[in-house]
Amino acid sequence: MNRTTLSLIACTVALAAVTGFAAFDPPAASGTSAAGSATERPVERTGLLCPAPSFSDIADTAYTSFTPVTQGAGSGGKAALEAAAEQSADGKGAKGGGKKDQAVLTPKPPGTPALGDTSGSDTPALIGTADGKYAPGWTVQETTRIAAGTGRGLQGVTCTPADTDFWFPGASTAKGRTDYVHLTNPDDGAAVVDIKLYGKSGAVKTTVTDGITVPPHSSEPVLLSTLTDDEQTDLTVHVGVRSGRVGATVQAQDDAGGGDWLPAAADPAGSLVLPGIPKDATDVRLVAFTPGDDDADLKVRLASPDGSITPAGNETVHVKAGMTSAVDLGPVTRGEPGSLILTPTDKTAPVVAALRVVRGKGGSQETAYIPATAPVGRRATSADNSAKGTTLSLTAPTADATVKVTASAGSDGGSPATKTYTVKRGTSQDISAPAGGKGTYALTVEPVSGGPVYAARTLTGSSDGVPGFTIQTLPSDRGLVAVPRAEQDLSVLQR
């Protein structure tokens, strides 16, 4: 190996460590990397995008920022959340009068949550950047309370990085639903985005054929019902970015059943895990779509605290290629927490899926969504937790797993606390977070040994008899990046 080749390897390693743009090393069954193939370094730059929280004048939104303590992270750096420059409620790019000069919060150093809040309908989308010690695992939670009207209840979303491809099974254009796709562009150039809708009979004809332009540093909420006259109870939305990149999230609101954010589902795969169904769910609806050319036949299992069971009458689900399928599972958890596991019955076909979860009955219903998610990987982080309103759900679908959970110091003081839990194969466990901090705190989940772990966090906050709740899945917090391991004997440089 010559000097030039070695220099290229060194540059590749340095660039990956600085930018955090190298590919993530997927977790093996044991939760460890392939020996000798790569090493992990804390990312040094990251970005997050938070959608505009609400069009309601009586909405109150809380933001929580948290960076976990990461070994090997730098000592300097900063993090900031800035308002997107343009806003429109009709997706046509009209400028809005959001609170653009007021920072909602100032992120604090690793290990300490930072809080901020806003109210009303003019709160803009936020574009966040972090570097140095603030970057590894930086997590921002947006939680909104709406006292009345469409979408009333508790709505929550974890701010996400920009990307170019998103799937949202579980959206709707039915009467009584008001669903928006929020598109946020963090970059200096315009992004061009295609939105495609798929219903029970296949692709739905839309009015937009040339793509939607999202100006630089701006956000565009696109109302789905303006894209088609076809009323569909169950839709799969595909957001593809033709040029540039965006953050994309669906806000699904119901006149009678409240509403919540529907984050993008995990990439199409043959087997899927949807963790964190509350034990008191009164209705659960599975929405699935296969983007490939082949139909998918899936075995349905519910991972409960005592093991996996097959829901009576819903042993399998058939998903036709290019069509959205929906199955009512009813009160499938029957008083115990659970997670849904979908696996192919025979031939594997890629599928995306999400759950619509309802708590309460009649006029006291509230709705949340659980998309299929990726496993925790090395570590996942959840911000905006409280002693009485937080439930953490852990699922180990294929093998026993040992998991370390750390509660950070709180916004009102206290110290971090850590506990270790064992999750048996095929089970789903709701756990109480270890007590440590006072006030609002963050949770980090780190698999120690065993098989892959999937996680979700539920926040609850009832008001006037309505059981407000929101559920966020916990994939990797992207705090570590895998970089090539240079193993060549550097003595060749002396020749």
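Relevant structure appears above.
This write-up is about the structure you can find in this document. Every chain begins its residue count from 1, and numbering advances along the sequence as written. Thresholds applied to this predicted model are a pLDDT of at least 70 for local features of residues and 80 or more for the giving and counting of side-chain atom pairs; totals over whole chains, interfaces and linings are not thresholded and use all residues. To obtain the side-chain values, all non-hydrogen atoms of the structure were included, while hydrogens and water were left out.

If you tally the helices and strands in the chain, you get one helix and 35 strands. Burial classes follow relative accessibility: with a 1.4 Å probe on protein chains only, a residue under 20% of its type's maximum area counts as buried, one over 50% as exposed, and anything between as partly exposed. Within the chain, the proportion of its 495 residues that are buried is 53%. Any pair of residues with heavy atoms lying within 4.5 Å of one another is described as a contacting pair. Intrachain contacts of the chain at a sequence separation of at least 6 include 82% that bridge at least 24 residues. Methods summary: accessible areas were calculated by the Shrake-Rupley approach with a probe of 1.4 Å, and residue burial reflects only the protein chains presented. Accessible surface for the chain amounts to roughly 20400 Å². Of this, 49% is attributable to carbon and sulfur atoms. To qualify as a helix, a DSSP run of H or I must reach at least 4 residues; to qualify as a strand, a run of E must reach at least 2; elements of each kind are numbered from the N terminus.

Should DSSP find at least two bridges between two strands, the strands are regarded as paired. What the four strands build is an open sheet, ordered β31-β28-β33-β34; its pairing is antiparallel. Taken across any chain shown, the strands that pair with only one partner, and hence form the sheet edges, are β31 (427-431) and β34 (469-473). Pairs of neighbouring strands in the sheet enclose a mean axial angle of 20°, with direction left out of account. Alignment of strand β28 (residues 390-396) against β31, held across five bridges, turns out to be antiparallel. Residue pairing for β31: Ala396 is matched across the bridge by Thr427. Inter-axis angles, ranging from 0 to 180 degrees, are taken between N-to-C directions of lines fitted to C-alpha atoms, where helices are fitted over the stretch in contact.

So, about the sheet that holds strand β3 (residues 59-66). Reading across from one edge, β5-β3-β7-β8 is the order of the four strands in this open sheet, with antiparallel pairing throughout. Looking at strand neighbours, the two that pair on one side only are β5 (114-119) and β8 (153-158), the edges of this open sheet. Within the sheet, the average angular offset between the axes of one strand and its neighbour, ignoring direction, is 15°. Bridge count between β3 and strand β7 (residues 139-146): eight bridges; the pairing is antiparallel. Across the sheet, residue Thr64 finds its bridge partner in β7, namely Gln141.

To continue, consider the nonpolar core. Here, the term nonpolar core denotes a set of buried Ala, Val, Leu, Ile, Met, Phe, Trp, Tyr and Cys residues that are joined through side-chain atoms within 4.5 Å. Residues Leu274, Ile277, Leu286, Leu340, Leu342 and Leu355 are the most contacted members of the largest nonpolar core, which totals 29 residues. Setting aside anything within four residues of it in sequence, one finds Leu355 in contact with Leu274, Ile277, Val284, Arg285, Leu286, Leu340, Ala368, Tyr369 and Ile370.

In terms of burial, strand β15 (residues 235-243) is largely enclosed, as seven of its nine residues are buried. Here six bridges tie strand β9 (residues 165-171) to β15, and the two strands are oriented antiparallel to one another. Across the sheet, Ala171 pairs through a bridge with Leu235, a residue of β15. Pairing analysis gives seven bridges linking strand β11 (residues 191-199) to β15, with the strands arranged antiparallel. Paired with Leu197 across the bridge in β15 is Val237.

Note on definitions: salt bridges are taken to be side-chain nitrogens of Lys or Arg within 4 Å of carboxyl oxygens of Asp or Glu. A complete count under the given rule lists nine salt bridges for this structure. A salt bridge links Arg285 to Asp234; the shortest N-O distance between them is 2.5 Å. Here Arg285 is found in strand β19 (residues 281-289), whereas its partner Asp234 is found in the loop between β14 (218-223) and β15, with 51 residues between them in sequence. The partner of Arg285 in a salt bridge is Asp328, and the shortest N-O contact between them spans 2.8 Å. Here Asp328 lies in strand β23 (residues 324-330) and Arg285 lies in strand β19, a separation of 43 residues in the sequence. Its relative accessible area of 17% is what places Arg285 among the buried residues. Among the ionic contacts, a cluster of salt bridges with common partners joins Asp234, Arg285 and Asp328.

It is worth spelling out the environment of Lys299 at this point. Along the polypeptide, Lys299 turns up in strand β20 (residues 296-304). For Lys299, a relative accessible area of 39% gives the class partly exposed. Distance in space between the C-alpha atoms of Lys299 and Asp346 is 9.3 Å, their sequence separation being 47 residues. Those residues in contact with Lys299 that sit more than four places away from it in its chain are Glu315, Thr316, Ile341, Leu342, Thr343 and Thr345.

Residue position: Ala265 is located in the loop between β17 (258-262) and β18 (272-277). The class of Ala265 is buried, set by a relative accessible area of 10%. For Ala265 and Trp167, which are 98 residues apart along the polypeptide, the C-alpha to C-alpha distance reads 5.7 Å. Beyond its immediate chain neighbours, meaning those up to four positions away, Ala265 contacts Trp167, Pro169, Val352, Ala353, Pro371 and Ala372.

In short, geometric facts, not functional conclusions.
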